[in-house]
Each structure stands twice: as C-alpha cells, then as structure tokens.
Amino acid sequence: MAMHAPAGESHALDTNTGLDNRKLLMWLFLASECLFFGSFIAAFLLYRDRNVVGPYPEDLYDIPFTSVSSFVLLMSSLTMVLALAAIQRGNLQAMRVWLIATALLGISFLSGQAFEFTEFWNEGLSLDQNLFGTTFFVLTGFHGAHVSVGVLILLSLVDASWRGKLTTDHSLAVELAGLYWHFVDIVWIVIFTLIYLIQPA
C-alpha cells in the first residue's frame with residue numbers, strides 16, 4: 001500500500017513497509033556502524049588489562065571532565081529534536097537556530113576530546129605505547145570522526161536552508177540527520193559507560 005508523501009517528496013521512494021527508501025537506507029547504514037563500534041568496544045574490553053607497560057586507564061581518566069563533555073553531547077540530542085520539530089512546524093528560522101546549536105554542542109564535545117587526547121599524550125599514552133592506548137585511541141577517535149561528520153552534515157543543512165534549497169517539504173533530510181546524530185550520541189553513552197565508568201576489579 002502506497003503511503004502519502006509530503007509535497008515535494010517522490011512517490012517512487014515509498015515502499016510496502018511504509019518507510020521511505022532513504023530512511024531504510026539510513027537504518028541499514030547505522031546497523032553496519034553498530035558492527036564497527038561493537039568490534040572496537042570488544043577489542044578494548046579484551047585488551048585493556050593486558051598492558052605490560054603504563055600508563056594505565058586509572059592513571060589517566062578524569063571522570064568529572066568526561067562526564068561534563070558527555071552531558072554536552074547528550075544535550076545536543078535535545079536541540080536536534082527541536083530542530084526537526086521546527087521544520088515540521090514550518091519554522092525554518094527556528095530550525096536553523098537549533099541546528100547551529102546542535103553543531104556548536106558537537107564542536108564543544110570534539111574540543112573536549114581533543115583536550116583529553118592531548119593530556120593523555122602528555123602523560124605518555126600514544127597509539128603504540130600499549131594495548132590500552134591502541135584500542136582507546138582507535139575507538140574514541142572513530143567516534144570523534146563520526147561526530148565531526150555529523151557537524152558537517154548539520155552545517156550543510158543550515159547552508160542549504162539559507163540558500164533556499166531546504167524547505168519545509170524536505171523535513172526528511174533533517175530527520176535523517178537526526179537519526180545519525182542520535183545514533184552517535186547513543187554510541188557515546190555505551191562507550192562512556194563501558195570504557196570510562198566500569199573498571200575491572
């Protein structure tokens with residue numbers, strides 16, 4: 001059964017599932033990303049206690065700082081929701097404000113991550129120092145790369161809106177960006193919980 005698409009959306013993209021093909025593609029992409037992150041997290045958990053030289057996680061982690069950084073990223077999910085709600089109400093100005101706010105929160109998180117990486121580096125942790133360093137930088141760096149891509153997507157939506165190429169008929173573009181952004185936030189919750197908060201006895 002075909003679904004009714006908003007003006008400007010192609011009926012050719014409708015499916016029997018009732019979901020737009022582009023949304024299905026995004027879900028498939030995010031599912032594949034789960035495999036990548038799951039592999040990196042598993043590698044970290046398997047190897048973090050097999051270091052023969054320091055520094056070790058307990059020597060470096062600054063949980064209060066990372067908690068604040070994590071809170072900033074989580075708040076960006078709220079502003080992303082507000083951006084989607086704004087375009088669905090037809091308020092493009094509010095959508096741009098919330099998208100910019102989301103991007104700024106993402107940049108703040110990335111700045112915190114860069115600071116943390118620098119501090120760890122100064123303490124002697126590098127990619128090839130020990131198994132903890134290798135798995136930690138690969139995992140958190142991979143996540144940081146995803147946040148960076150998300151920020152670029154958000155800013156490109158703002159630019160498209162300013163140039164009149166993103167209107168209320170294209171709310172799906174903001175929804176897809178929101179799916180990606182929420183996924184990145186959820187992955188960070190898992191990373192922060194398993195990598196930072198839960199330490200081996």
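Heads up: the structure comes first, above all this text.
Residues numbered from 1 in each chain as written. Predicted model: local features only at pLDDT ≥ 70, side-chain atom pairs only at ≥ 80, totals over all residues. Heavy atoms only, no water.

### Remarks on the packing of helix α4 (residues 92-122) against helix α6 (residues 171-197)
How we decide: Angles run from 0 to 180 degrees between N-to-C directions of axes, and those axes are lines fitted to C-alpha atoms, restricted for helices to the stretch in contact. The helix and strand labels rest on DSSP assignments: H or I over at least four residues marks a helix, E over at least two residues marks a strand, and numbering proceeds from the N terminus. For classification purposes, angles smaller than 35 degrees are called roughly parallel, those larger than 145 roughly antiparallel, those between 65 and 115 roughly perpendicular, and all remaining angles oblique. The handedness criterion is simple: a crossing whose near helix is rotated anticlockwise from the far helix by less than a right angle is left-handed, and one whose near helix is rotated clockwise is right-handed. Contacts were defined at the residue level, with two residues in contact if any of their heavy atoms lie within 4.5 Å. For this classification, the nonpolar set comprises Ala, Val, Leu, Ile, Met, Phe, Trp, Tyr, Cys and Pro, the charged set comprises Asp, Glu, Lys and Arg, and every other residue, Gly included, is treated as polar.
One can describe the packing of α4 onto α6 by two numbers: an axis separation of 13 Å at closest approach and a directional angle of 30 degrees. Here α6 runs roughly parallel to α4, going by the angle between their axes. Taken as a pair, α4 and α6 cross one another with a handedness that is left-handed. Contact residues: α4 offers Met-95, Thr-102, Gly-106, Phe-109, Gln-113 and Glu-116, while α6 offers Val-174, Trp-181, Trp-188 and Tyr-196. Looking at the contact of α4 with α6 residue by residue, the classes come out as six nonpolar, three polar and one charged.

### Observations concerning empty space enclosed by the protein
As a reminder, the rule being used: In this analysis, the protein atoms alone were mapped onto a 1 Å grid. Cavities are point sets where a 1.4 Å probe fits without being able to get out; pockets are open sets with protein on both sides within 12 Å along at least five of seven lines; lining residues have an atom within 4 Å of a point. Grid points are joined across faces, edges and corners, and a volume is the space filled by probe spheres set on the points.
Scanning the entire structure with this criterion turns up one cavity of 30 Å³ or more. Taken together, Phe-65, Thr-66, Ser-69, Phe-109, Gly-112, Gln-113, Glu-116, Trp-188 and Tyr-196 make up the full set of residues lining the largest cavity. Those elements giving two or more residues to the lining of the largest cavity turn out to be α3 (63-88), α4 and α6. Broken down by element, the lining of the largest cavity gets its largest block of residues, four residues, from α4. Among the residues forming the lining of the largest cavity, the class breakdown is four nonpolar, four polar and one charged.

### As for helix α5 (residues 131-162)
To keep it simple, the criterion reads: One less than the residue count of a helix, multiplied by 1.5 Å, gives the span that helix is expected to have. Polar contacts, as used here, are pairs of N or O atoms within 3.5 Å; protein pairs need one atom able to donate a hydrogen and one able to accept it. Residues neighboring in sequence count only if both atoms are side-chain atoms.
The end-to-end C-alpha distance of α5, which contains 32 residues, comes to 47 Å, matching closely the 46 Å that a straight helix rising 1.5 Å per residue would cover. At the N-terminal end of α5, a side-chain oxygen is found 3.3 Å from the backbone nitrogen of Phe-132, two or three residues along, and the residue is Asn-130. Gly-164 lies just past α5 and shows a positive phi near 80 degrees.

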